[in-house]
Every structure is written in C-alpha cells, then in structure tokens.
Amino acid sequence: MAAEARLLGRFVLQAGTGETIALPPGKACALFAALAIAPNHCQSREVLATLLWGNHPDRRARGSLRFTLTMLRKALVHSGCPSLFADKDAVWLDAIGLRVDALEFETLASSERANDWENAVDRYQGDFLEGLTVRSEPFEEWVRDHRTRLRDRYERTLDKLLAHAQAIAQEELTVRMAQRLLALDPLREDVHRILIRNFRRQGRIAAALKQYELCASSLRAELNAKPGRETIRLVEDLCSNLTQSGHKKKVQQSASTVCRIRVQPFQTVAEKKSASDLAVSFVESIRFALARSSDFTLAIPSDFRPPEIEMAAAGLSNEAGFVVSAALTVRDDVAEAMIGLAEAPRAPCFWTGRYSFASSMLEDLDSVTSVKIVPSICHFIRQKQLQRLRQIPFSELDSSQLGLLARAEVEKMTRTSLDAAVGLTRRASRAATDGSLAWSMFALARVFQIRMGWADKRSGALSEAHDAAEQALSLDFRDPIAHGVLGLVHLWSGSHRLALNSINRALAFNPASADVMHWKGLVLDFSGEHERAIEHHLKAIDLDSLHGAAFATVNALSGAYYELGDYEQAAACARKSIKLNPRYRRSHAVLAASLAE
C-alpha cells in the first residue's frame, strides 16, 4: 500500500501500513508539503530557503534548510515513505509510492465523469494545509495562493455535480451538494432556491420554509440585506399552495414533525429611539440564533416577506407554535429584557427569564443572545415538547418526534435509557418522514453504549453508528449534531484527526452548541490535550448550563483535571456531576480515584 500525504485539511503523513508518521512540527511539515505538492520536480534550494526562511540572511536560511532536511530524512528513513533526494543545488521527493490527496483531487476534478467528481469532493476534507502556521511571509502567500485555487476548484466541482444531480433527478445527491455549497458560501441565494424547490417537491414544506429562513438570516448577518425578488416569489408560490386542499394534509404532516417558533416584536419601556432600535436588534439576533438550531423552524418574520406571504403562512405558523415575547427597558447604559415563552395561540406564559446587559455586551448582540438567552428558550421548549409527546402512543408519533424522545433517553446515560433510545430510533427509521434527528440519536446511543461497555459487539455497534450518522447527514448536511456524532464515531474508531474534522465542521454550523463544544473537549482529552479540553468543557457549560447531559460535561471536566494532576478540582467537579445525576457511574469512578490520590 502506498504512503499518503494529506494536504487538504490538517497535514497528515501516513506510511503504507496506515501508521501516522510524526514529523517535527512547523517548518519540517511545511517543507515536506512543498515537496509533496510537486513530487519528482527538482526544487531549488534557494527557492525553498526563501519560501520558509525569507526573513533570514541567505547563509542562515540555507543552514536552516540543511538542518530541516536532515530531520526529515531521519523521520522518513524507517517509515516506508518515499525517498528524499538532494544535491548541492536542488531537493526533490520520489513520487513512486506516494499518494497526495491535493493532486488526486485536482486530477479527479478535471475529469469528465460525474463519479470522479464525487470522489474529488470526498477527497476535499478542508482547506489546503489548514491550521499549519509558519512565520514566513513568502510561505503564507504561497499557501494562500494554493488554498484559493483549490477552494475555487472545489466550489466549481460542487457546482458541476449539483447541475448533474439536478439533470438526472437525483434528489439525495442534489441536497448533499447544495448543502456543501452553502457550507462553503451561505450567501448563495441560487443554491438556497434549489433546496427550497427540492424540499417542496418532496412535500417537506416546513423544511422549505426553514431553508428560506436560513437564507434570510445569512444575508442579514453578513450583508444587512434581504433575499432577492426571485427567492421571495418562490416562497410566495409555496405559501399560496398551503390553502389548497390537495396539499393541506401533506403540509400538516410536514409541519407536525418540527417545532415552529414565532418571535414577537419586543415592547420597549422607554421613549428613547435607541431603545426601539435595540429592541429590533434583539428580535433579529434571537431569530438568527434559533434559525441555526436543527431542532426548530421559525415562522417567517414579517420584515423578510411581503404581507401576502404573512397571510398565506398564518395557518402553518400556528400548527405547533411557541411564541417568544419580551419587554425591554433601557436605563442609562444598562438594558434589561424580560422574556416570556408561551404556546400559540394565546396560551399563558409557561416560562419567563430576566436578563441584564451592560452597554459593552450589546456590541455583539448575536453572541450575547446565542449564549445567554436562546439556550434557555430551547431548554424550556424541549421540556414542553417532551411533556406533550409522552402523552401520545408511539404508534402515532413521526420520526422527528420519536427522535426527540430518544434524545431525552440518551441524555440520562443509563443502560436502560440507552436501550430505550435505540428502540425508539429503530422505530423511527421505519417511519416515512425525514428522520435526521432520529438517525443522529441512534448513532449517539450506540456510541455511548460502546463507551460505557454495554454494547455486545463493539465493531458491529461502531459500524451501525457510522452508517446512521452518515444517513443523518444525507438527510441534512447542515445539521451540527449529525456532524458532531460522526466525530464521536471516528473518535471511538481511533481516528482522532477525522473526529476533530467532523467536530470542527459541526462547530462551523453552530458555534453555540454546548453538546458539540463538549464533544470537542472529549476529542482533545483523548488526544492528550487536557488543558485545551478543559477550556472547551468550561465553554460548553457557559454556553448552556441547562443542556440535558450537563452532568457528563462536568464529569469530563473532572477527568481532564485528574489527568493534569489537579485532584482537588477533579473531586469537586465529580461531586457536582454526581449531584446532577447520581446514577452516572463514571462520576463516582473519577471521584474515588481523585480521593485516592
């Protein structure tokens, strides 16, 4: 088997046996990458020295190059990797027995066959030399040029593959490629429209409306702009069909699978114009944060659509609605928001929260609402949803509703609850509706069964979890939970690099997800980076101290402190985890080990 150099995403060099070769960090990796991207091509020592040590005198730069080449040879000599050659003027790498993902990507992307385009897209695991930092301006410029060229080629390949999928009516491939394009550039209105049309054809009206909301939110956040007339007209046509008898039943089925939320305009208890402007900004920030959640769909805000869309969608927005309303008071440099949550229509509030904000906090409202307000809204809506769903026979629930029940069981983290979650998600997989959440929860339940030692066959459970996570992504590529769960599958399969890639992709879709932030901490823990793991676990708690598996986050925090030798902190966190969930046996184990030290 050939050795492989992965330059797309994080730099990795693997021997033919599959073993990862640890090169000296920094400029040794950069030098190998510069040689690997042009194997069998002699590169001048002078050019390489300038590329990596351009800010040093010539003599010192060439000396540094000689030293780095020596380190590379030592790392490669017993690895089965290609040979490194050099003479007094040039350096080159033998291409025989070496695969370079960036070169394979370009070859496949240049093909005329759609199968090759799919393989090219699979090769692209991230930007060129992502995360590799070298303090050299010529090298940074060289990386930037390669990164821009390869990223542009990736986007063009996705566009070709999307057009091909539409031409042959492959709806699943169309959705996957469109979602990848939007992950690359969320401002592509044409791609949003393709997804809206696709969801409409499938009868997934709620998904189509949520896609419009994502489009509108992205344009507002990045460009302070509204969707174009063509996009609005598409949604007008969609909403105009809601009252047609031939579509009414399908619309109701689609709407019942998701939770719809309406964010009302805030009332201001102040006559200042600044208070009114702040109230509008608060509303839009909360809508934007909620729109990024895979759990909820918003009723389309009136300022993003003409009145006729408001009227046409009124019936759908009340299907399973919750209403967020608030009163905002501004005094001096402090704003206070009293936020309430009620069931639609005209039900009394079942939750209220009071939040105070200093003027310095209001400079980044999107961040403030994502961290301080929206987690509480989500938590209490989920609790209300669960109360409803537990009163309905399983036979009457769709796959999304079964997925919500399964998540509640997974969060208990007991042997019985994980078995129940697997049972619920197996039932959900037989339902006819979109079950991205159910597939994610099945994968997550199997992963935790493996971690706790409750899976009968580890390899079989891992395979099932991997297939389920991939299925969830095929249904919704932008779902951060699905990407995060796939990362955990990779982690328990022993591939920390793939795990980190998936987790980072999940955080790109939703950086305010406490679950995903905690999972990244787990990956860092298993990679031995305990200090960084602690940072991520603490951030997960800050993002949402109410999330269902908060006890597992606190326990993971105690484990990281234990590994660093801070037994007092480890014991304190373990006690807190036990208080949150006395049945979680890992907390007791960490507490016992910490006290023994």
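In this text, all values refer to a predicted model and were calculated from it rather than measured experimentally.

Pairing is antiparallel in the open sheet, where 3 strands are placed in the order β3-β5-β4. The sheet is open, and its two borders are formed by β3 (43–44) and β4 (84–86), each paired with just one other strand. Pairing analysis gives 2 bridges linking β3 to strand β5 (residues 90–93), with the strands arranged antiparallel. Across the sheet, the residue bridging to Ser44 is Ala90, located in β5. Of the strands in this sheet, β4 and β5 touch helix α3 (residues 58–76), which is tilted by about 150 degrees from β4.

The next point concerns a negative patch on the surface. A cluster of acidic residues, Glu137, Glu140, Glu141 and Asp145, forms a negative patch at the surface. If you trace the backbone, Glu140 turns up in helix α6 (residues 137–167).

Okay, the side chain of Arg6 next. With respect to the element layout, Arg6 can be found in strand β1 (residues 3–6). For Arg6, the side chain forms a polar contact with the side chain of Gln14, separated by 2.9 Å.

Another point: the sheet that holds strand β6 (residues 98–100). With mixed pairing, the 3 strands of this open sheet are ordered in space as β2-β1-β6. Sheet topology places β2 (12–14) and β6 at the edges, where each strand pairs with a single neighbour. Across the sheet, the mean angle from the axis of one strand to that of its neighbour is 15 degrees, orientation sign disregarded. One ladder, built from 3 bridges, connects β1 with β6; its direction is parallel.

Under the defined criterion, the tally for this structure stands at 22 salt bridges. When the shortest N-O distance is used, the salt bridge between Glu106 and Arg149 registers 2.4 Å. You can see Glu106 sitting in helix α4 (residues 101–109) and its partner Arg149 sitting in helix α6, a full 43 residues away along the chain. Glu529 serves as the salt-bridge partner of Arg532, at 2.7 Å between the closest nitrogen and oxygen. Glu529 sits in the partly exposed class, given a relative accessible area of 32%. Put simply, Glu155, Asp159, Arg188 and Asp190 are held in one network by salt bridges that share partners.

Our next topic: helix α21 (residues 496–509). The terminal C-alpha atoms of α21 lie 20 Å apart, and with 14 residues this matches the ideal 20 Å at 1.5 Å per residue to within 8%. Every buried residue of α21 is listed here: Arg497, Ala499, Leu500, Asn501, Ser502, Ile503, Ala506, Leu507 and Phe509. Residues of α21 that are buried make contact with β1, β2, α7 (171–184), α20 (480–492) and α22 (514–526).

Glancing now at the pairing of strand β7 (residues 259–263). For β7, the buried fraction is high: 5 of the 5 residues fall into the buried class. As paired strands, β7 and strand β10 (residues 321–331) are joined by 4 bridges and run parallel to one another. Bridged to Arg260 within β10 is Gly321.

About the thresholds
Residues numbered from 1 in each chain as written. Predicted model: local features only at pLDDT ≥ 70, side-chain atom pairs only at ≥ 80, totals over all residues. Heavy atoms only, no water. Pairing = 2+ DSSP bridges. Helix = DSSP H or I, 4+ residues; strand = E, 2+ residues; numbered from the N terminus. Contact = heavy atoms within 4.5 Å. Axes fitted to C-alpha atoms, helices over the stretch in contact; angles between N-to-C directions. Patch = residues over 30% accessible without salt bridge, like charges linked within 9 Å, V, L, I, M, F, W, Y side chains within 5 Å. Areas by Shrake-Rupley, 256 points an atom, 1.4 Å probe, with all protein chains shown as cover. Salt bridge = Lys/Arg side-chain N within 4 Å of Asp/Glu carboxyl O. Lys, Arg positive; Asp, Glu negative; His and termini not counted. Charge placed at Lys NZ, Arg CZ, Asp CG, Glu CD. Polar contact = N/O pair within 3.5 Å; in protein donor to acceptor, adjacent residues only side chain to side chain. Buried < 20%, exposed > 50% of the residue type's maximum accessible area, 1.4 Å probe, protein only. Expected span 1.5 Å × (residues − 1).

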